[in-house]
Amino acid sequence: MKRLGVARQPERPAGGGLKARVATAVVGAPLLLGALWLGGLPWLILVAAVGLLGAPEVARLYGRGGWRAPGDGLILAVLWPIGLAYLAGEGLVDLLWPQAGALLAVPLLYGLVRELFRPHPQLLTAAAVLAVTLVYWGGLLAHLILLRALPQGLAWSLVLVAGTWGADIAAYFIGRQWGRRRLAPHLSPGKTVEGTVAGLVAGLASAGLVGWGVGLKGPGLLWAGAAMVLAVPLGDLIESGFKREAGVKDSGSLLPGHGGLLDRFDSLILAGAVLYHWVTWLQGGL
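Keep in mind the model is a prediction, meaning the values are calculated, not measured.

Peer 1: Can you help me understand the overall build of the protein chain in this one?
Peer 2: In terms of regular secondary structure, the protein chain is built from 9 helices and 2 strands. The secondary structure elements of the protein chain, listed N-terminal to C-terminal, are α-α-α-α-α-α-β-β-α-α-α. Within the protein chain, counting contacts between residues at least 6 apart in sequence, those at least 24 apart form 74% of the total. Here the protein chain displays about 14400 Å² of accessible surface, and carbon together with sulfur accounts for 71% of that area.

This is the structure:
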């Protein structure tokens, strides 16, 4: 069988791609920031919608042999961790190990039982796809809910958005203009060392400025911002690895100029998880 992961992926055209990226950002950024500002149910609804729309992209990237994930299994794998995070943020449940691990096993067990009654069950594939959807996509998205629910959660969430967007924008433009050395050609030929370094600097500066503007000060902000910004290119590379192995350029086509939702949120969800755990450590939490 030919391995799909070794095919070189063509880069997007700069002109039309840039216009589409800007247009998508003009529409999407106010929606995300508005829901983030309101918090509570509006933020939950937006994160859940992103999770549900992106779940089929995860299944398509990871699925093999023509297997198609049952819709109800994917829905549960996404909404279960996000819903638990919302209830934990509202103080209605206590997500502590090992109880949290046991609860997160529910969607996986449901998916396996569901697979038993299909005409041609593929239990290993079902377990793998549901686990990736549950942990990588739904689980990391759930951290955006948990972060917003923290004391000063809005401020830290704005730091996350500023740092991630600042890093992505700088890496994109600097990499295209002056990038020469490939960062990880076996995963993503378009990413360069120059773009990544520019992204780290711009992301840390953006996070620091926004954090200072919303009242977060001291060395804790600097270290939290640094940890978060370091996660940005890692999140991008992880998703690039998924696409490389699947032999596709984009995870989907929902967002013009960006590809799919995984393409747009890959850095944000990993950086959000890192920032959440760093902040809870700073605040004497987990």
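Back to the write-up after that little detour.
Peer 1: When you look at the nonpolar core in this model, what are you seeing that I'm missing?
Peer 2: Across soluble globular proteins, nonpolar side chains show a tendency to be buried alongside one another. Trp43, Trp137 and Trp156 are the most contacted members of the largest nonpolar core, which totals 61 residues. At the level of elements, helix 1 (14-38), helix 2 (40-62), helix 3 (71-89), helix 5 (123-149), helix 6 (153-178), helix 8 (219-246) and helix 9 (261-282) are the ones that each hand at least two residues to this core.

Peer 1: So what exactly am I meant to see when it comes to the packing of helix 6 against helix 8 here?
Peer 2: Each pair of packed helices can be summarised by the angle the axes make with each other and by the distance between the axes. Relative orientation of the contacting elements helix 6 and helix 8 amounts to 45 degrees, with a least axis distance of 10 Å. Between helix 6 and helix 8, the interaxial angle falls into the category oblique. Both helix 6 and helix 8 take part in a crossing whose hand is right-handed. Residue-level inspection shows Trp156, Val159, Leu160, Gly163, Thr164, Ala167 and Asp168 of helix 6 in contact with helix 8, the latter providing Gly220, Leu221, Ala224, Met228 and Val232.

Peer 1: For this particular structure, what's the right way to read the pattern of salt bridges?
Peer 2: Charged atoms that come close allow side chains of opposite charge to pair. Enumeration according to the criterion identifies 7 salt bridges in this entry. Among the salt bridges present, the one from glutamate 194 reaches arginine 181, with a minimum N-O distance of 3.1 Å. Taken together, the residues glutamate 194 in helix 7 (residues 193-213) and arginine 181 in the loop between helix 6 and strand 1 (182-184) connect sequence positions 13 residues apart. What makes glutamate 194 buried here is its relative accessible area of 19%.

Peer 1: Even after reading the chapter, I still don't get helix 3, so can you show me in this structure?
Peer 2: Three- or four-residue spacings in an α-helix give side chains the same orientation, since the helix completes a turn every 3.6 residues. Its 19 residues place the ends of helix 3 27 Å apart at the C-alpha level, agreeing with the 27 Å of an ideal helix rising 1.5 Å per residue. At leucine 79, helix 3 shows its largest bend, some 25 degrees, and a proline, proline 81, comes one to four positions later. Residues of helix 3 that are buried include every one of Gly73, Leu74, Ala77, Val78, Pro81, Ile82, Leu84, Ala85 and Tyr86, and no others. Residue glycine 91 follows helix 3 closely and has a positive phi angle near 80 degrees.

Peer 1: What am I meant to see in the pairing of strand 2 (residues 188-192) here?
Peer 2: Side-chain positions along a regular strand alternate between the two faces of the sheet. Most of strand 2 is tucked away: 4 of the 5 residues are buried. Here strand 1 pairs with strand 2 via 2 bridges, running antiparallel. When the sheet's bridge partners are listed, arginine 182 is paired in strand 2 with threonine 192. Remark: 3 residues form the turn of the hairpin made by strand 1 and strand 2, two consecutive strands paired antiparallel.

Peer 1: I'm lost on the packing of aromatic side chains in this one. Help?
Peer 2: When we look at a pair of aromatic rings, we describe it by the centre distance and by the angle of the planes. Within the structure shown, the criterion is met by 3 aromatic pairs. Relative to phenylalanine 173, the ring of tyrosine 172 has its centre 5.1 Å away and its plane inclined at 90 degrees; by these criteria the two rings are edge-to-face.

Peer 1: I'm lost on unusual backbone geometry in this one. Help?
Peer 2: Excluding glycine, residues mostly carry a negative phi; peptide bonds, for their part, are mostly trans. Phi angles above zero are rare outside glycine, and glutamine 152 is one such case at about 60 degrees. With respect to the helices, strands and loops of the structure, glutamine 152 is situated in the loop between helix 5 and helix 6.

Calculation rules
Residues numbered from 1 in each chain as written. Predicted model: local features only at pLDDT ≥ 70, side-chain atom pairs only at ≥ 80, totals over all residues. Heavy atoms only, no water. Helix = DSSP H or I, 4+ residues; strand = E, 2+ residues; numbered from the N terminus. Contact = heavy atoms within 4.5 Å. Areas by Shrake-Rupley, 256 points an atom, 1.4 Å probe, with all protein chains shown as cover. Core = buried A, V, L, I, M, F, W, Y, C linked by side-chain atoms within 4.5 Å. Buried < 20%, exposed > 50% of the residue type's maximum accessible area, 1.4 Å probe, protein only. Axes fitted to C-alpha atoms, helices over the stretch in contact; angles between N-to-C directions. Parallel < 35°, antiparallel > 145°, perpendicular 65-115°, else oblique. Left-handed = near helix turned anticlockwise from the far one by under 90°. Salt bridge = Lys/Arg side-chain N within 4 Å of Asp/Glu carboxyl O. Expected span 1.5 Å × (residues − 1). Bend = angle between axes of the 7 residues up to and from the residue. Pairing = 2+ DSSP bridges. Phe/Tyr/Trp six-rings, centres within 6.5 Å; stacked < 30°, edge-to-face > 60°.

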